[in-house]
Amino acid sequence: MLDQLRGRNLAHVGCTLGLTGGLLLGLIAAVVVIQVMRNSNGVNVATAVWLGVTVLLGGLGYYLGGYVSRRLWGEKRDDS
């Protein structure tokens, strides 16, 4: 299976998985925030939590996917 992926950048796969997980976990966290706060400001906070978790996990997935790609296949960085 690794031979089929050789030469591909896994950052895009990691980003997709991170965004999917972020959307799901962010939604769960937003529901918890709404239940705990129970006021009109709770919706604003829940929206911020949902977007924050989504962006954080998407960025983390992109970074880790790129790191795994370099580690597996030893891509050289062009530091020029």
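Residues numbered from 1 in each chain as written. Predicted model: local features only at pLDDT ≥ 70, side-chain atom pairs only at ≥ 80, totals over all residues. Heavy atoms only, no water.

Student: Would you explain the overall build of the protein in this entry?
Tutor: Helix and strand counts for the protein come out as three helices and zero strands. In the protein, the order of α-helices and β-strands from amino to carboxyl end is α-α-α. Taken across its 80 residues, the protein has 21% of its residues classed as buried. Nonlocal contacts in the protein, meaning residues at least 24 apart in sequence, comprise 75% of its contacts between residues at least 6 apart. Carbon and sulfur atoms form 66% of the exposed surface of the protein, whose accessible area is close to 6,100 Å². (Helix = DSSP H or I, 4+ residues; strand = E, 2+ residues; numbered from the N terminus. Buried < 20%, exposed > 50% of the residue type's maximum accessible area, 1.4 Å probe, protein only. Contact = heavy atoms within 4.5 Å. Areas by Shrake-Rupley, 256 points an atom, 1.4 Å probe, with all protein chains shown as cover.)

Student: Can you help me understand the environment of Ile-28 in this one?
Tutor: Inspection of the secondary structure assignment puts Ile-28 in helix 2 (residues 11-37). On the basis of relative accessibility, which here comes to 49%, the residue Ile-28 falls in the partly exposed class. Sequence-wise, Ile-28 and Val-49 are 21 residues apart; in three dimensions their C-alpha atoms are separated by 9.9 Å.

Student: Quick question: what am I supposed to make of a nonpolar patch on the surface here?
Tutor: A cluster of nonpolar side chains, contributed by Leu-24, Leu-25, Ile-28, Val-32, Val-36, Met-37 and Val-45, occupies part of the molecular surface with about 620 Å² of accessible area. No other element matches helix 2, which puts six residues into the nonpolar patch. Structurally, Val-32 is set in helix 2. (Patch = residues over 30% accessible without salt bridge, like charges linked within 9 Å, V, L, I, M, F, W, Y side chains within 5 Å. Salt bridge = Lys/Arg side-chain N within 4 Å of Asp/Glu carboxyl O.)

Student: Just checking my understanding: could you explain the confidence of the model for the protein for this structure?
Tutor: Reading predicted coordinates in detail is not appropriate for stretches of low pLDDT. With 80% of its residues at a pLDDT of 70 or more, the protein has an overall mean of 84. By mean pLDDT, helix 1 (residues 2-5) is the weakest element of the protein at 64, and helix 2 is the strongest at 91. (pLDDT = per-residue confidence, 0-100.)

Student: Would you explain helix 2 in this entry?
Tutor: One full turn of an α-helix is made of 3.6 residues, so residues set three or four places apart face in the same direction. Spanning 27 residues, helix 2 covers 37 Å between terminal C-alpha atoms, matching the ideal 39 Å at 1.5 Å per step. For helix 2, the complete set of buried residues consists of Ala-11, Gly-14, Gly-18, Gly-22, Gly-26, Ala-30 and Val-33. (Expected span 1.5 Å × (residues − 1).)

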